[in-house]
Amino acid sequence: ATEDRVMRTTWQGKAGRSPLQALYESDQLEQSSLQAVHQQRRELLSNICNRYTRKRRLLRPDDLRHLVVDDTHGLLYCYVPKVACTNWKRVMMVLTGQGKYQDPLEIPANEAHVSSNLRTLSEYSVPEINHRLRSYLKFIFVREPFERLVSAYRNKFTRSYNTAFHKRYGTKIIRRHRQEPSDKALERGDDVRFEEFVYYLLDPRTQREEPFNEHWERVHSLCHPCIVHYDVVGKYETLVEDANYILQLVGADTTVKFPSSSKTTRTTDDMTAQFFQDISPFYQRRLFNLYKMDYLLFNYSIPSYLRIR
């Protein structure tokens, strides 16, 4: 059974010097405020995992499809859609590209998502996987769960160019969760209402038939933070400083800069609150329970706009 199983990783198991040294030799280093923040995030994550995870299972290679590998700098990045993952993939392409790419922003967004441009940990053998989990710096970026969910909904269901999502998911959502849908809506699936999307997420049939799409899958299901012990938990809310901290830790901060976002269409807390206005307290609570582990693990408080108290 060991062939398709991967050992659990430990915080400090590593042979020789590695990029993690900067984190674990903090006794000798002056503890910067940023280091202290990341220490707190790791400790909170560890405490929540210990409290809520009864039985620690072993990882399977299939669990590692979201972990992007940079063998040059000893980095593992678990990408989470709708949490600056396009820009992080661009940065990873610069870091791993042996000089082929200089500036992350010169890489087209669609090229950043071509799977063959970056290697994931699932492509390695079990001994190679274990070596990287032990000795590489592992990081993840997270975002307020409902803000991420609304961002995914807006991107996939309200943009006219996302016809693949409309056909693949929109038609099914409308068929199941709209009373008396028009023939046009059933065929095109391009006018899914947020309320219908929520019903789809909470419908027991949805996950029985197939796993959630990665754009609305829970972070703990994509990146397994109670099994893979991340050294840095970056947050969307502190994206630039956390990104620069990681690049600095692996000595890449002088050669590559994390792109600063100029997006004005970004989903905000106020915008998210508007989407939840029409969701009944009953469904708000059920949806919160669905994403509750992400709220707990990454220290996000219950949104003030929810009527579930």
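Residues numbered from 1 in each chain as written. Predicted model: local features only at pLDDT ≥ 70, side-chain atom pairs only at ≥ 80, totals over all residues. Heavy atoms only, no water.

S.K.: Help me understand helix α7 (residues 163-177) in this model?
M.R.: Owing to its 3.6 residues per turn, the α-helix brings residues three or four apart onto one side. Between its first and last C-alpha, α7 extends 19 Å over 15 residues, near the 21 Å set by a 1.5 Å rise per residue. At G170, α7 is bent by approximately 40°, the largest bend along its length. Within the span of α7, buried status applies to F165, H166, Y169, G170, T171, K172, I173, I174 and H177. Against the buried residues of α7 lie α6 (145-157), α8 (183-188), α9 (194-202) and α10 (204-209). (Helix = DSSP H or I, 4+ residues; strand = E, 2+ residues; numbered from the N terminus. Expected span 1.5 Å × (residues − 1). Bend = angle between axes of the 7 residues up to and from the residue. Buried < 20%, exposed > 50% of the residue type's maximum accessible area, 1.4 Å probe, protein only. Contact = heavy atoms within 4.5 Å.)

S.K.: So what exactly am I meant to see when it comes to the state of the cysteines here?
M.R.: Two cysteines form a disulfide when their sulfur atoms are joined by a covalent bond. Summed over all chains, the structure comprises two disulfides. Two residues share a disulfide in this structure: C49 and C226, whose sulfurs sit 2.0 Å from each other. One quick way to see it: the torsion about the S-S bond of C49 and C226 is about -85°, and its sign makes the bridge left-handed. Taken together, the positions of C49 in helix α2 (residues 33-52) and C226 in the loop between α11 (219-223) and β4 (232-235) put the pair 177 residues apart, joining distant regions of the chain. Here C49 and C226 have matching classes, each one buried. In this model C78 forms its disulfide with C223; the gap between the sulfur atoms is 2.0 Å. Because the sign of the S-S torsion sets the handedness, a value of about -90° for the bond joining C78 and C223 places this disulfide among the left-handed ones. (Disulfide = S-S within 2.5 Å.)

S.K.: Help me understand the packing of α6 against helix α13 (residues 269-276), please; the structure alone is not making it clear to me.
M.R.: The packing of two helices is summarised by the inter-axis angle and the distance between the axes. As a packed pair, α6 and α13 sit with axes 9 Å apart at the nearest point and diverge in direction by 75°. Classified by the interaxial angle, the pair formed by α6 and α13 is roughly perpendicular. Contacts between α6 and α13 involve F146, E147, V150, Y153 and R154 on the former and, on the latter, D269, M271, T272, F275 and F276. Of the residues in the contact of α6 with α13, the class split is six nonpolar, one polar and three charged. (Axes fitted to C-alpha atoms, helices over the stretch in contact; angles between N-to-C directions. Parallel < 35°, antiparallel > 145°, perpendicular 65-115°, else oblique. Nonpolar A, V, L, I, M, F, W, Y, C, P; charged D, E, K, R; others polar.)

S.K.: I would appreciate a short explanation of the side chain of R143 in the present structure.
M.R.: Looking at the secondary structure, you find R143 in the loop between β3 (137-142) and α6. Residue R143 is classed as buried on the basis of its relative accessible area, which comes to 4%. A polar contact of 3.3 Å, which involves the side chain of R143, links it to the side chain of E147. In terms of polar contacts, R143 uses its side chain to reach the backbone carbonyl oxygen of T267, at 3.2 Å. In contact with R143, other than residues within four places in its own chain, are K82, V83, R148, S151, Y236, E237, R266, T267 and Y300. (Polar contact = N/O pair within 3.5 Å; in protein donor to acceptor, adjacent residues only side chain to side chain.)

S.K.: Explain the packing of α2 against helix α12 (residues 239-249) here, please?
M.R.: Taken N-terminus to C-terminus, the directions of α2 and α12 make an angle of 95°; their axes are 11 Å apart at the nearest point. When the axes of α2 and α12 are compared, the pair comes out roughly perpendicular. Judged by residue contacts, L34, Q35, H38 and R41 of α2 engage E241, D242 and Y245 from α12. A breakdown of the residues in the contact of α2 with α12 according to their chemical character gives two nonpolar, two polar and three charged.

S.K.: When you look at the environment of G189 in this model, what are you seeing that I'm missing?
M.R.: Looking at the secondary structure, you find G189 in the loop between α8 and α9. Judged by relative accessible area, which is 0%, G189 ranks as buried. Sequence separation between G189 and K167 is 22 residues; the distance between their C-alpha atoms is 5.8 Å.

S.K.: Sorry, what's going on with the pattern of salt bridges here?
M.R.: Opposite charge on two side chains permits pairing when their charged atoms draw close. What the rule picks out here adds up to 19 salt bridges. A salt bridge links E123 to R119, with the nearest nitrogen and oxygen atoms 3.6 Å apart. When the shortest N-O distance is used, the salt bridge between R193 and E196 registers 3.1 Å. Taking relative accessible area as the criterion, E196 reaches 3% and is therefore assigned buried. Sharing partners across several salt bridges, the network here consists of R168, K172, R176, E209 and E210. (Salt bridge = Lys/Arg side-chain N within 4 Å of Asp/Glu carboxyl O.)

S.K.: How do you make sense of the side chain of N87 when you look at a structure like this?
M.R.: With respect to the helices and strands, the residue N87 is situated in helix α3 (residues 85-96). The contacts of N87, once residues within four sequence positions are left out, are L105, F258 and P259.

S.K.: Please clarify how the confidence of the model for the chain should be interpreted in this entry.
M.R.: Segments scoring low in pLDDT should not have their predicted coordinates read at a detailed level. When pLDDT is averaged along the chain, the result is 90, and 89% of the positions lie at 70 or above. Here residues 8-15 is a poorly scored stretch, pLDDT under 50, and it has 24 contacts once near neighbours within four places are set aside; other chains count. This stretch, residues 26-31, has a pLDDT under 50; its non-local contacts, to residues over four places away or in other chains, come to seven contacts. (pLDDT = per-residue confidence, 0-100.)

S.K.: It is not clear to me how the nonpolar core should be interpreted in this structure. Could you clarify?
M.R.: Burial of nonpolar side chains together is a common tendency in soluble globular proteins. Core analysis: the largest hydrophobic core is formed by 89 residues, its most contacted members being W88, F197 and W216. A per-element tally of this core places α3 first, with seven residues. If you count residues domain by domain, this core takes at least three from each of domain 1 (19-145 + 218-265) and domain 2 (146-215 + 267-294). Apart from residues no more than four positions distant in its own chain, W216 is found in contact with R148, L149, K156, F157, F165, Y169, F197, Y200, L201 and Y291. (Core = buried A, V, L, I, M, F, W, Y, C linked by side-chain atoms within 4.5 Å. Domains from an automatic or database assignment.)

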